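Chain by chain, the residues:
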Amino acid sequence: QQQVKQSPQSLIVQKGGIPIINCAYENTAFDYFPWYQQFPGKGPALLIAIRPDVSEKKEGRFTISFNKSAKQFSLHIMDSQPGDSATYFCAASSPSNDYKLSFGAGTTVTVRA
Amino acid sequence: DAGITQSPRHKVTETGTPVTLRCHQTENHRYMYWYRQDPGHGLRLIHYSYGVKDTDKGEVSDGYSVSRSKTEDFLLTLESATSSQTSVYFCAISETGNPYEQYFGPGTRLTVT
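In this text, all values refer to a predicted model and were calculated from it rather than measured experimentally.

Draft legend 1. Spotlight on unusual backbone geometry. All names here are of chain A. Put simply, Ser7 and Pro8 share a cis peptide bond, and its omega is -5°. Non-glycine residue Lys71 carries a positive phi angle of around 55°. Residue placement: Lys71 occurs in the loop between strand E7 (62–67) and strand E8 (72–77). For Asp79, which is not glycine, the phi dihedral falls at a positive 45°. Mapped onto the secondary structure, Asp79 falls in the loop between E8 and strand E9 (86–92).

Draft legend 2. Representation of the interface of chain B and chain A. Taken together, the contact pairs 21 residues of chain B with 21 residues of chain A. Taken over both partners, the interface formed by chain B and chain A buries close to 1800 Å², and the fraction arising from carbon and sulfur atoms is 57%. Ranking the residues of chain B by area buried against chain A places Leu43(B), Tyr100(B) and Phe104(B) at the top, with a combined share of 37%. The tally of links from chain B across to chain A stands at 0 salt bridges. On inspection of chain B and its partner chain A, the count reaches 4 residue pairs in polar contact (both at pLDDT 80 or more). Those elements giving two or more residues to the side of chain B that touches chain A turn out to be strand E4 (31–38), strand E5 (42–51) and strand E10 (98–104) of chain B. If you tally residues by element for the side of chain B that touches chain A, the top one is E10(B), at 6 residues. Taken together, the residues of the side of chain B that touches chain A sort by class into 12 nonpolar, 6 polar and 3 charged.

Draft legend 3. Spotlight on the sheet that holds strand E3 (residues 19–25) of chain B. All names here are of chain B. Spatially, E1-E3-E8-E7 is the arrangement adopted by the 4 strands of the open sheet, whose pairing is antiparallel. Taken across any chain shown, the strands that pair with only one partner, and hence form the sheet edges, are strand E1 (4–7) and strand E7 (64–70). This sheet shows a mean twist of 20° between the axes of neighbouring strands, independent of strand direction.

Draft legend 4. Representation of the state of the cysteines in the model. Residues and elements named next belong to chain A. All told, the structure shown has 2 disulfides over all chains when counted by the stated rule. The disulfide partner of Cys23 is Cys90, and the gap between their sulfur atoms is 1.9 Å. On the S-S bond that ties Cys23 to Cys90, the torsion sits near -95°, and the link is left-handed. With Cys23 in strand E3 (residues 20–25) and Cys90 in strand E9, the pair connects residues that are 67 residues apart, well separated along the chain. On the basis of relative accessible area, Cys23 is assigned to the buried category, the value being 3%.

Draft legend 5. Just the environment of Gly58(B), in detail. All names here are of chain B. Considering the arrangement of structural elements, one finds Gly58 in the loop between strand E6 (54–57) and E7. For Gly58, a relative accessible area of 18% gives the class buried. Counting along the chain gives 25 residues from Gly58 to Tyr33, while the straight-line C-alpha distance between them is 9.1 Å. Sequence-distant contacts of Gly58, defined by excluding residues within four places in its chain, comprise Leu45, Ile46 and His47.

Cut-offs applied
- Throughout, residues of each chain are indexed from 1 in the direction in which the sequence is written.
- Each chain is given a letter, starting from A, and each ligand a number, starting from 1, according to the order in which they appear as written.
- Whole-chain, interface and lining totals are the exception, using all residues; otherwise, since this is a predicted model, local features are given only for residues with pLDDT of at least 70 and side-chain atom pairs are given and counted only at 80 or more.
- For side-chain calculations, the full set of non-hydrogen atoms in the structure is used, while hydrogens and water are omitted.
- Where helices and strands are cited, they refer to DSSP runs of H or I of at least four residues and of E of at least two residues respectively, numbered from the N terminus.
- Here, two residues are considered to be in contact whenever any of their heavy atoms come within 4.5 Å of each other.
- Defined here as a combined quantity, buried area equals the accessible surface (1.4 Å probe) lost by two parts on assembly, summed across both.
- By convention in these notes, a salt bridge is any Lys or Arg side-chain nitrogen within 4 Å of a carboxyl oxygen on Asp or Glu.
- Definition of a polar contact: a pair of N or O atoms within 3.5 Å, with one able to donate and the other able to accept a hydrogen when the atoms are protein atoms, and with sequence-neighbouring residues admitted only if both atoms are side-chain atoms.
- Just so you know the grouping, Ala, Val, Leu, Ile, Met, Phe, Trp, Tyr, Cys and Pro go in nonpolar, Asp, Glu, Lys and Arg go in charged, and all remaining residues, Gly too, go in polar.
- Here the rule is simple: two strands pair whenever DSSP picks up at least two bridges between them.
- Note on method: axes are straight lines fitted to C-alpha atoms, helices fitted across the in-contact stretch only, with angles between N-to-C directions ranging 0 to 180 degrees.
- Disulfides are defined in this document as cysteine sulfur pairs within 2.5 Å.
- Residue burial is assigned from relative accessible area. The probe radius is 1.4 Å, only protein chains are included, and a residue is buried under 20% of its type maximum, exposed over 50%, and partly exposed in between.

And the structure:
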């Protein structure tokens with residue numbers, strides 16, 4: 001069973017909209033939560049990551065919100081552009097598990113012009 | 001793709017034949033990983049290595065073996081390929097100083113007929 005549950009499976013927004021992708025986990029030993037972006041035919045690329053000691057992290061138009069008590073985190077893409085159309089994966093990791101990443105199932109985001 | 005190459009990039013093989021996929025890195029990173037990517041499952045860890053000749057199983061290791069005789073090369077072998085092993089395979093690396101951040105190669109698309 002997947003240790004990280006991701007939703008929705010896909011979403012479509014208009015240019016300038018804010019797609020939001022949600023992830024939930026159970027293992028409280030996780031202490032690193034990255035997001036990966038993948039374009040068709042390419043490998044996943046590390047986009048942004050957060051540790052549980054902060055509730056929010058921003059890098060450019062990408063923001064992670066983290067709720068430790070709810071064991072949930074989410075990715076927001078501000079002012080989305082057609083070039084942001086990709087599949088996004090959340091993941092989680094801990095040193096007690098050799099830093100292995102547990103991935104969510106992925107969300108395909110389509111930004112329409 | 002962070003100094004990672006994978007070969008071959010595409011392969012079609014028949015059920016029952018052995019297949020070896022190669023991951024080569026130029027970063028001198030300690031950790032190397034093999035994942036498979038299938039729709040609806042995200043990325044699932046097959047095997048990983050934390051040094052030369054040090055390897056361990058991931059969550060979907062059945063039917064796969066690995067070897068790492070040099071820091072730069074990590075080989076994934078399907079001893080007797082089955083149709084269920086049709087997938088896209090990704091190699092990833094991470095460094096000793098920051099094992100959390102994994103960087104992915106371009107992938108190998110394997111089709112078993």
